[in-house]
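Structural description and commentary
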Amino acid sequence: LLSARESSLVVPKPRSEEVAEEEEVIVQCDNKYYVRRVHPGFFAQTLGFFMRSMVQQYRMMNVLASDTVLVIVSAVLVGFLFRNKDLDQISAVVFLVTLTTGLASTQSALRVFGHERHEYWREAASGMNRFSYFIGKNLAQSFWLFFAPGVFTLIFTSLKAPRAATADTYKILLMGQIACHALGELISVLVHPSKAQLFGCIIALLLNMVGGTNPTVPDLDGMGFIGVFLYSISYARYMTEALTVAELTNTTPVLKPVLTATTAQFSWNIERSQLDLDLQWMGILALVCYFFTFVFMVSTHRNKQK
């Protein structure tokens, strides 16, 4: 121990030097025991988001039940309204089928990303792989994308007994469902959730208005570039033509005059190859919507993802 005289000769260190030494010790200790955070790989994160989304859907079984009831009611109404109608009313049938598909699918797609904005921003800020999140969430929607068209096809074909093959009807409704689902996801990342439902209904209705039934494709061609562009980006344009092709290609020779008049009025190409082409175009529209959904999801609200 220092004596009183010796202790009085000790010059105390400045406060800044003491703090500097303490911080140096802390940094050294942190570097010694610090373990760098390692994020899971792409596939591990994708699987994690897929499983979490499946659990969320299981806990929201009442929402899935309500969506299923909506599909059943739509199929029953359309099937009963046109149960024994002639081929000259096919345009009204396909218009209602495409409209109900668009409304039901876009509304269910709004919940995929629109209701998880804050969770996505928080996890993106923590280093989450955004593409894994996007893929995992969409993979979890696969069951509904295949289930809803199957329910509609089963009920609609049982009531109306169309001439088209059941497999063709299901394929057309499936591609229309996927295209509208992708459109709904795009709307959900661009529009605030409080207004997304209204926007989804309006856009689905507008796309059906330029789908080629009324006004017809020749009428839209008369509007120039605007008319051609509008029906080119409308899923209803390709879904309407595909349903018509599937129905009219299986008609008997007796009904050939009706087929000729219908194709002349709506400028539809009633060839079997046209059905496959329409399915491809609906797939392209879906891919474009999915692409822009991811782009806008990543590029918008960047300050909240940091």
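Note: the structure precedes this text.
Structural notes, computed from the coordinates.

1. Some thoughts on the overall build of the protein chain
From N to C terminus, the protein chain includes 15 helices and zero strands. Relative to its 306 residues, the protein chain shows a buried fraction of 43%. A fraction of 83% describes how many contacts in the protein chain between residues 6 or more apart in sequence connect residues 24 or more apart. Roughly 17,200 Å² of accessible area belongs to the protein chain as shown, and the carbon and sulfur atoms make up 66% of that amount.

2. Here we look at the packing of helix H7 (residues 130–139) against helix H15 (residues 272–299)
Orientation of H7 relative to H15, taken along the N-to-C sense of each, is 135 degrees, at an axis distance of 11 Å. In this view, H7 runs oblique relative to H15, as classed from their interaxial angle. Once H7 is placed against H15, the crossing between them reads as right-handed. Residues Arg130, Phe131, Tyr133, Phe134 and Asn138 of H7 form the contact with H15, whose own contacting residues are Tyr290, Thr293, Phe294, Met297 and Val298.

3. What about H15?
Taking 1.5 Å of rise per residue, the 28 residues of H15 would be expected to cover 40 Å, and the 42 Å separating its terminal C-alpha atoms lies within 8% of that figure. Where H15 ends, the next residue or the one after it, His301, has phi of about 55 degrees, a positive value.

4. Description of the side chain of Arg117
Tracing the sequence through the fold places Arg117 in helix H6 (residues 117–125). There is no salt bridge for the buried Arg117, and the closest opposite charge comes from Glu119, which lies 9.4 Å off by N-O distance. At 3.3 Å, the side chain of Arg117 and the backbone oxygen of Ser188 are in polar contact. Non-local contacts of Arg117, meaning those with residues more than four positions away in its chain, are made with Ser188, Val189, Leu190, Val191, His192, Pro193 and His301.

5. A few points about a nonpolar patch on the surface
Together, Leu277, Trp281, Ile284, Val288, Phe291, Phe292 and Val295 make up an exposed nonpolar region whose accessible area comes to about 590 Å². Note on placement: Val295 falls in helix H15.

Conventions used here
- Residues numbered from 1 in each chain as written.
- Predicted model: local features only at pLDDT ≥ 70, side-chain atom pairs only at ≥ 80, totals over all residues.
- Heavy atoms only, no water.
- Helix = DSSP H or I, 4+ residues; strand = E, 2+ residues; numbered from the N terminus.
- Buried < 20%, exposed > 50% of the residue type's maximum accessible area, 1.4 Å probe, protein only.
- Contact = heavy atoms within 4.5 Å.
- Areas by Shrake-Rupley, 256 points an atom, 1.4 Å probe, with all protein chains shown as cover.
- Axes fitted to C-alpha atoms, helices over the stretch in contact; angles between N-to-C directions.
- Parallel < 35°, antiparallel > 145°, perpendicular 65-115°, else oblique.
- Left-handed = near helix turned anticlockwise from the far one by under 90°.
- Expected span 1.5 Å × (residues − 1).
- Lys, Arg positive; Asp, Glu negative; His and termini not counted.
- Salt bridge = Lys/Arg side-chain N within 4 Å of Asp/Glu carboxyl O.
- Polar contact = N/O pair within 3.5 Å; in protein donor to acceptor, adjacent residues only side chain to side chain.
- Patch = residues over 30% accessible without salt bridge, like charges linked within 9 Å, V, L, I, M, F, W, Y side chains within 5 Å.

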